[in-house]
Amino acid sequence: MSATILVLDGPNLNLLGERDPETYGTDTLASVQAQLAAKFGGVRFEFFQSNWEGALIDRLHQAHRAGVDGIVFNPGALTHTSVALRDAVEAITPPVVEVHLSNIYGREDFRHHSVLAPVCSGQISGFGAFGYLLAVSFLVHGSS
Ligand code: DQA
């Protein structure tokens, strides 16, 4: 049976491609999603982006209830502040890989801390859109 992976993106990632391309690259979110679908033909992807914290929490719960095999999560700026998202990740069963396009450790001090990282399987930061591919690769081939 093929794996089901949720790719979840938080605030402002809908602007990918037009928002600060020097930092985040020129790929749009749609093109990142297309790259994933092309690279992992055997995987069933669910894609969801929201600028709302509660919508992201609801989607994590839904993925848990549905029994997805893994979650790739770029929480955007909520990475650095959201105890509610951390609690949601901690409460659910599917493995979660935290992804950042930029290297958050090479940027402003307030981006150096991730509230979520301790409850994720791991974190990928600084490899641009390729980080999403790395995360799926781990979830499909390396997490069991
Ligand atoms: C980001 C890094 C965050 O600090 C920032 O707020 C984002 C994007 C990244 O993908 O590099 O919105 O998560």
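Structure shown above.
Trainee: Help me out: how do you make sense of the overall build of the chain in this one?
Mentor: Secondary structure summary: the chain contains 5 helices and 5 strands in total. The linear arrangement of helices and strands in the chain, starting from the amino end, is β-α-α-β-α-β-α-β-β-α. What you see for the chain is a C-alpha radius of gyration of 14 Å, in line with the 15 Å of a compact globule of 144 residues. Each of the three principal axes of the chain carries a C-alpha extent, and together these read 40 × 30 × 25 Å.

Trainee: What should I look at first to understand helix H2 (residues 29-39) in this one?
Mentor: Residues Leu29, Val32, Gln33 and Leu36 constitute the buried set of H2. What you see down the axis of H2 is that its buried residues fit within an arc of 100 degrees, all on one side. In H2, those exposed residues whose orientation departs by more than 90 degrees from the buried face are Ala30 and Ala38. Considering only its buried residues, H2 is in contact with strand S1 (4-9), strand S2 (44-49) and helix H5 (130-142).

Trainee: Teacher, can you tell me more about the packing of aromatic side chains here?
Mentor: Centre-to-centre distance and the angle between the planes together describe a pair of aromatic rings. Tallying each qualifying case throughout the model produces 2 aromatic pairs. Seen in terms of ring centroids, Phe40 and Phe45 are 6.5 Å apart; in terms of plane orientation they differ by 70 degrees. Their pairing is edge-to-face. A relative accessible area of 15% places Phe45 in the buried class. The interplanar angle of 15 degrees and the centroid separation of 5.5 Å between the aromatic rings of Phe45 and Phe47 together place this pair among those described as stacked. Ring pairing ties together the aromatic residues Phe40, Phe45 and Phe47, which thus form one cluster. In this structure, Arg59 packs its charged tip against the face of Phe48, placed 5.9 Å from the ring centre.

Trainee: Where do I start with the nonpolar core in this structure?
Mentor: In summary, soluble globular proteins display a tendency toward joint burial of nonpolar side chains. Grouped together as the largest cluster of nonpolar side chains are 22 residues, with contacts concentrated most on Ile5, Leu36, Phe45, Val72 and Tyr132. Those elements that provide at least two residues to this core are S1, H2, strand S4 (96-100) and H5. Here this core gets 5 residues from one element, more than from any other, and that element is H5. If we ignore the near neighbours within four places in the chain, the residues touching Leu36 are Val7, Phe45, Phe47, Tyr132, Leu133 and Val136. Formed by 19 residues, the second largest nonpolar core is a distinct cluster that contains Leu6, Leu8, Leu116 and Val119.

Trainee: I tried to follow the site of the ligand on my own but got confused; where do I start?
Mentor: In the vicinity of the ligand, the contacting residues are Arg19, Tyr24, Asn74, Gly76, Ala77, His80, His100, Leu101, Ser102, Ile104 and Arg111. Take His80: an N or O atom from its side chain is 2.7 Å from an oxygen atom of the ligand. A distance of 2.8 Å separates an oxygen atom of the ligand from a polar atom in the side chain of His100. In this structure, the ligand is accommodated by the largest pocket. Residue composition of the shell around the ligand, grouped by class: 4 nonpolar, 5 polar and 2 charged.

Here is what the cut-offs are and how they apply
- Residues numbered from 1 in each chain as written.
- Predicted model: local features only at pLDDT ≥ 70, side-chain atom pairs only at ≥ 80, totals over all residues.
- Heavy atoms only, no water.
- Helix = DSSP H or I, 4+ residues; strand = E, 2+ residues; numbered from the N terminus.
- Rg over C-alpha atoms; globule rule 2.2 N^0.38 Å.
- Buried < 20%, exposed > 50% of the residue type's maximum accessible area, 1.4 Å probe, protein only.
- Arc of directions from axis to C-beta.
- Contact = heavy atoms within 4.5 Å.
- Phe/Tyr/Trp six-rings, centres within 6.5 Å; stacked < 30°, edge-to-face > 60°.
- Lys NZ or Arg CZ within 6 Å of the ring centre and 35° of its normal.
- Core = buried A, V, L, I, M, F, W, Y, C linked by side-chain atoms within 4.5 Å.
- Near = heavy atom within 4 Å.
- Polar contact = N/O pair within 3.5 Å; in protein donor to acceptor, adjacent residues only side chain to side chain.
- 1 Å grid on protein atoms, 1.4 Å probe; cavity = no way out; pocket = protein on both sides within 12 Å on 5 of 7 lines; lining within 4 Å.
- Sits in = over half its atoms within 2 Å of the grid points.
- Nonpolar A, V, L, I, M, F, W, Y, C, P; charged D, E, K, R; others polar.

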